Amino acid sequence: MIVLAIESSCDDTGAALIEDGKRILSNILSSQDEVHKRYGGVVPELASRRHLENIVPVLRGALDEAHTSLDEVDGVAVTRGPGLVGSLLVGIMTAKAIAHAKALPLVGVNHLMGHLLAIFAEQEVPFPFIGMVASGGHTSLYLAEGFTAFRPLGSTRDDAAGEAFDKVAKYLGLGYPGGMVIEHLARSGDPKAVSFPRAYLAKDSLDFSFSGIKTAVVNYVRAHPPSDDGMADIAASFQEAVVDVLVDKVIWAAQHHKVDRVVVSGGVASNSHLRERLQHEGEELSIQAHFPSPFLCRDNAAMIGVAGYHLLNEGKRDGLDMSALSRWPLGKD
Ligand code: KG4
Ligand code: ZN
């Protein structure tokens, strides 16, 4: 079964063709980082306009790269939410038009389910596992019991982990998006130079909070204006604090639910320090950590195709009246 998938929930326009929920025939992404860079964050109005310009060329690119046509497609999957409504609508309208014109089944996919299943485009992971999505919009933990069965365990109460990277990078004048620049700078810094707070909340809580650490960085920099070397130390210390919390909480979740596997996805999961720390600490506790390749960690349409395949396979269908959902908690419907 070949699924055409479309993703446009935030600032990346993506289209992909996925065979049998695991083989990527094509996965095209048009990033808007250049558009939003100067504002230090995503501007919703500009994002939806850019999606409109990009969607057709991106779709064509996906069909060309897979050497296929819409006649070979068996179903259409599109991100329905959560995300920016104006952005979501561009993908949803396109998906509806194709499904209607070609009389294909259509399914709306939860973006978070896409992140959690991205790994299956590269490897089989046995259920159950703990899934963590750490991105610019989300930091959430789930118990994954099957392809379409996710139990929410905790999520951020304020900023997402990626948002904290972006805001700290913006404050330090390092550019946007912040994750990659901070990771790069952190390589030459001392992670123990500054002791930033780790917000664990209540004992054993699986919720997150990242706004305090952002304020702590701002206060520290005001009190101790850094030299160039000092900047690297701040980046490394900040990254260490965020990684400590992410690693500890995903491990607690695995131990609490007695599962020996964790899957981490979302843009922040490309962070090599996080990947190394979790692999290492997981190994010591016989917990296996899986990460998709960085290109599948970030927003992309292939992950929506994987999730869409499993939903369609279970008989899930949406009609041409499907709406966009700016908020759509996974596992609560
Ligand atoms: O998954 P994604 O592409 O989009 C969302 O759904 O948000 O994630 C983007 C986020 C941004 O906040 C970015 O700064 C962060 O992921 N990110 C990273 C790294 N690469 C991207 N954070 C930490 N380390 C990285 N290497
Ligand atoms: Zn995302």
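Note that the structure is predicted; figures quoted are calculated from it, not measured.

1. With respect to a nonpolar patch on the surface
Together, Val-85, Leu-89 and Met-93 make up a nonpolar patch on the protein surface, roughly 250 Å² of accessible area in all. Locating Val-85 in the fold gives a position in helix H3 (residues 85-101). Of the residues examined, Val-85 reaches a relative accessible area of 38% and is grouped as partly exposed.

2. Some points on the coordination of the zinc ion (ligand 2)
Looking at the zinc ion (ligand 2), the protein donor atoms are His-111 (NE2), His-115 (NE2) and Asp-299 (OD), and they sit 2.0 to 2.1 Å from it. The coordination sphere of the zinc ion (ligand 2) comprises 4 donor atoms, whose angles at the metal cover 91 to 137°; the geometry is irregular.

3. Looking at the domain arrangement of the chain
If you check the domain split of the chain, you get domain 1 (2-117 + 296-313) and domain 2 (125-291). Contacts between domain 1 and domain 2 engage 19 residues on the former and 19 residues on the latter. Both faces combined, the contact of domain 1 with domain 2 buries some 1600 Å², and carbon together with sulfur accounts for 73% of it. When the area that domain 1 buries against domain 2 is broken down by residue, the three leading residues are Leu-112, Leu-116 and Cys-297, summing to 40%. Joining domain 1 to domain 2, the criterion identifies 0 salt bridges. Joining domain 1 to domain 2, the criterion identifies 2 residue pairs in polar contact (both at pLDDT 80 or more). Of all the elements in the fold, those that place two or more residues in the side of domain 1 that touches domain 2 are helix H1 (33-36), helix H4 (111-117), helix H10 (294-297) and helix H11 (302-313). In terms of residue count, the dominant contributor to the side of domain 1 that touches domain 2 is H4 (5 residues). Partitioning the side of domain 1 that touches domain 2 into residue classes produces 10 nonpolar, 5 polar and 4 charged.

4. Quick notes on the site of ligand 1
With respect to spatial proximity, 20 residues lie near ligand 1, and among them Gly-136, Asp-166, Glu-183, Gly-267 and Asp-299 are the closest. In the model, an oxygen atom of ligand 1 is placed 2.8 Å from a nitrogen or oxygen of the Gly-136 main chain. The separation between an oxygen atom of ligand 1 and a polar main-chain atom of Gly-179 is 2.9 Å. Here ligand 1 loses 88% of its free accessible area of 550 Å² to cover by the protein chains. Of all the elements in the fold, those that place two or more residues in the shell around ligand 1 are H4, helix H5 (161-171) and helix H6 (178-186). Counted by class, the shell around ligand 1 contains 5 nonpolar, 11 polar and 4 charged residues. When residues are assigned to domains, the shell around ligand 1 turns out to be shared by domain 1 (2-117 + 296-313) and domain 2 (125-291), each giving three or more.

Criteria and cut-off values
Every chain is numbered independently, its residues counted from 1 as its sequence is written. Written order decides the labels, with chains lettered from A and ligands numbered from 1. The predicted origin of the model limits local features to residues at a pLDDT of at least 70 and limits the giving and counting of side-chain atom pairs to 80 or more, whereas totals for whole chains, interfaces and linings rest on all residues. Processing note: side-chain calculations cover all non-hydrogen atoms of the structure and skip hydrogens and water entirely. Two distance rules govern patches: like charges are joined within 9 Å, and nonpolar side chains (Val, Leu, Ile, Met, Phe, Trp, Tyr) within 5 Å, applied only to residues with over 30% relative accessible area and no salt bridge. Surface accessibility follows the Shrake-Rupley procedure with a 1.4 Å probe radius. Residue values consider only the protein chains on display as shielding. The salt bridge criterion pairs a side-chain nitrogen of Lys or Arg with a carboxyl oxygen of Asp or Glu, the two atoms within 4 Å. Each helix corresponds to a stretch of at least 4 residues labelled H or I by DSSP, and each strand to a stretch of at least 2 residues labelled E; elements are numbered beginning at the N terminus. Only protein chains enter the accessibility calculation, which uses a 1.4 Å probe; a residue whose area is less than 20% of its type maximum is buried, one above 50% is exposed, and one in between is partly exposed. Coordination shells were defined by N, O and S atoms within 2.8 Å of each metal, extended to 3.2 Å for Na, K and Ca; water is absent from the atom set, which can make sites look incomplete. Site shape is set this way: if four donors have all angles between 85 and 135 degrees, tetrahedral; if opposite donors are over 155 degrees apart and all others between 65 and 115, square planar for four donors and octahedral for six; otherwise irregular. As used throughout, domain bounds are those supplied by an automatic or database domain assignment. Residues are treated as being in contact if the distance between any of their heavy atoms lies within 4.5 Å. By buried area we mean the combined loss of accessible area, with a 1.4 Å probe, across both parts when two parts are placed together. For this analysis, a polar contact is any N or O atom pair within 3.5 Å, provided that within protein one partner can donate a hydrogen and the other can accept it, and provided that sequence-adjacent residues contribute only side-chain to side-chain pairs. When residues are grouped by polarity, Ala, Val, Leu, Ile, Met, Phe, Trp, Tyr, Cys and Pro land in nonpolar, Asp, Glu, Lys and Arg in charged, and all others, Gly among them, in polar. Near residues are defined by distance, with any heavy atom within 4 Å of the molecule or strand qualifying the residue.

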